[in-house]
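Here's the letter readout for the chains.
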Amino acid sequence: MDKYLIIKTRDEFLRIKINDILYLEADRNYTKLMLTEGIQFTFAINIGKIEEMFERQVLESKKMLVRVGKSFIINKNYILQINLPKQKLLLLTPGGKPRELVVSKEPLKMLKDTLELEALKQTKDVNEDDYSNR
């Protein structure tokens, strides 16, 4: 079953599938929302308030959407590459279109470390399942 984020402002109502979100970017008191299909929305809501909406509305979003520094919330499912020296985060849409974000080094390193731990845990879980099935 698809999970949705609902964003309501005085003049707008937007219902978005969580999996269609590529990333959100802070721009002072505004937030830009980029969908995987390249459609972009801008809201007069700061990124912190959007993050609170995620937490209230969709518990599963915490597994997919992660805050990276002060400026971005990204969908982990679309991460292709993290390049710490260049401070670049490369996201790949389902259609194969790359999107490059420039992210501060420390938040990028934290993201890399988190993803490495998750990958290690997944590998460990898979190996334990293989062993227990023998």
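A few points about the sheet that holds strand β10 (residues 98–102)
Next up, step 1: Taken together, the three strands give an open sheet; going across it, the order is β8-β9-β10, and neighbouring strands pair in antiparallel fashion. Every interior strand has two partners, whereas the edge strands, β8 (79–83) and β10, have only one. Averaged over all neighbouring strand pairs, the angle between strand axes comes to 15°, with direction disregarded.
Next up, step 2: Here strand β9 (residues 88–92) pairs with β10 via five bridges, running antiparallel. In the sheet register, Leu-90 faces β10, and the bridge partner there is Glu-100.

As for the side chain of Thr-93
Next up, step 1: Relative to the helices and strands, Thr-93 is located in the loop between β9 and β10.
Next up, step 2: Among the polar contacts made by the side chain of Thr-93, one reaches the main-chain amide nitrogen of Lys-97 at a distance of 3.0 Å.
Next up, step 3: If we skip the residues at most four places from it in the chain, Thr-93 touches Leu-22 and Thr-36.

Some points on the nonpolar core
Soluble globular proteins tend to bury their nonpolar side chains together.
Next up, step 1: Ile-7, Ile-18, Ile-21, Leu-24, Leu-33 and Phe-54 are the most contacted members of the largest nonpolar core, which has 19 residues in total.
Next up, step 2: Of all the secondary structure elements, the ones that give two or more residues to this core are β1 (4–8), β2 (13–17), β3 (21–27), β4 (30–35) and α1 (47–57).
Next up, step 3: Residues Val-68, Phe-72, Tyr-78 and Leu-108 belong to the second largest nonpolar core, which totals 13 residues.

Criteria and cut-off values
- Residues numbered from 1 in each chain as written.
- Predicted model: local features only at pLDDT ≥ 70, side-chain atom pairs only at ≥ 80, totals over all residues.
- Heavy atoms only, no water.
- Pairing = 2+ DSSP bridges.
- Helix = DSSP H or I, 4+ residues; strand = E, 2+ residues; numbered from the N terminus.
- Axes fitted to C-alpha atoms, helices over the stretch in contact; angles between N-to-C directions.
- Polar contact = N/O pair within 3.5 Å; in protein donor to acceptor, adjacent residues only side chain to side chain.
- Contact = heavy atoms within 4.5 Å.
- Core = buried A, V, L, I, M, F, W, Y, C linked by side-chain atoms within 4.5 Å.
- Buried < 20%, exposed > 50% of the residue type's maximum accessible area, 1.4 Å probe, protein only.

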